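Topology and contacts: notes
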Amino acid sequence: FPPMCKLQPGNYLLQWSRGMAMGPITRLDLHHERSLNALFRDKRPKLFLVFESKGGDQMRWTDRSVPGWVLAFQEQFGRAVKFVLAEPSATPDFMNQFGLKTSDAPTMAIHDTRQGDHKFRMREPLSKAAAWAFVKDFLGGRLPKDELR
């Protein structure tokens, strides 16, 4: 896209070929109340992808910070869980709630509010296979309940 200052006002229709884009993925912004409200109005469990953005203060994730397999991952699980990118250094309250340290990134965590307030986090290093197993175990009810409070 051109820089915002060069975009003309109006509506745009953007189209990508299959496999060229992914989404929707929400960015966790603890300082934006409307964004947080919208995030938690979604009834699906929240799958937090905890990746350093490598974009400094602006939390811009790049192909160097988000693994390439996330597209296929989101295609498979996007209807069941809400995907949320979390920048560890910009979300210390979130990290604390899940018992995570910045050094734990990259990792994943799940917050399920459908029947209570259940939190889960990956206990092994992030890999494609570990991510698939983590979400499948969660959806299949095989993760221990109330792992984190």
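With that out of the way, let us pick up the overall build of the protein. Helix and strand counts for the protein come out as four helices and five strands. Listed N to C, the secondary structure of the protein is β-α-β-α-β-α-β-β-α in terms of helices and strands. Within the protein, the proportion of its 149 residues that are buried is 39%. Sequence separation of 24 or more characterises 66% of the internal contacts of the protein that already satisfy a separation of 6 or more. Roughly 9,700 Å² of accessible area belongs to the protein as shown, and the carbon and sulfur atoms make up 50% of that amount.

Looking at the element boundaries, Thr26 is found in strand 1 (residues 26-27). For Thr26, a relative accessible area of 19% gives the class buried. Spatially, the C-alpha atoms of Thr26 and Val84 are 4.6 Å apart, while their sequence positions differ by 58 residues. With residues near it in sequence (within four places) discarded, Thr26 still touches Leu39, Lys82, Phe83, Val84 and Leu85.

Moving on, we come to the sheet that holds strand 1. Spatial ordering of the open sheet is given by 1-3-2-4-5, a layout of five strands whose pairing is mixed. Edge strands, defined here as strands with exactly one partner in the open sheet, are strand 1 and strand 5 (118-121). Where strand 2 (residues 46-50) lies against strand 3 (residues 82-86), five bridges are found, and the strand directions are parallel. Directly across from Phe48, in strand 3, lies its bridge partner Val84.

On the surface, Met4, Leu7, Tyr12 and Leu14 cluster together to form a nonpolar patch covering roughly 440 Å² of accessible area. For Leu14, the location among the structural elements is in the segment before strand 1. Residue classification places Leu14 among the partly exposed positions, given a relative accessible area of 45%.

The final tally for this structure, using the stated rule, is four salt bridges. As a salt-bridge pair, Lys119 and Asp117 come within 3.5 Å of each other at their nearest N and O atoms. Overall, Lys119 belongs to the buried group, its relative accessible area being 7%.

Turning to helix 4 (residues 128-139), a few remarks are in order. Relative to the 16 Å expected for twelve residues at 1.5 Å per residue, helix 4 spans 17 Å between its end C-alpha atoms, a close match to the ideal helical length. For helix 4, the set of buried residues is Ala130, Ala131, Trp132, Phe134, Val135 and Phe138. Once helix 4 ends, the next one or two residues include Gly141, with phi positive near 75°.

Among the residues of helix 2 (residues 70-77), those classed as buried are Val70, Phe73, Gln74 and Phe77. Here the buried residues of helix 2 occupy an arc of 95° about the axis, which is enough to place them on one side.

Definitions and cut-offs
- Residues numbered from 1 in each chain as written.
- Predicted model: local features only at pLDDT ≥ 70, side-chain atom pairs only at ≥ 80, totals over all residues.
- Heavy atoms only, no water.
- Helix = DSSP H or I, 4+ residues; strand = E, 2+ residues; numbered from the N terminus.
- Buried < 20%, exposed > 50% of the residue type's maximum accessible area, 1.4 Å probe, protein only.
- Contact = heavy atoms within 4.5 Å.
- Areas by Shrake-Rupley, 256 points an atom, 1.4 Å probe, with all protein chains shown as cover.
- Pairing = 2+ DSSP bridges.
- Patch = residues over 30% accessible without salt bridge, like charges linked within 9 Å, V, L, I, M, F, W, Y side chains within 5 Å.
- Salt bridge = Lys/Arg side-chain N within 4 Å of Asp/Glu carboxyl O.
- Expected span 1.5 Å × (residues − 1).
- Arc of directions from axis to C-beta.

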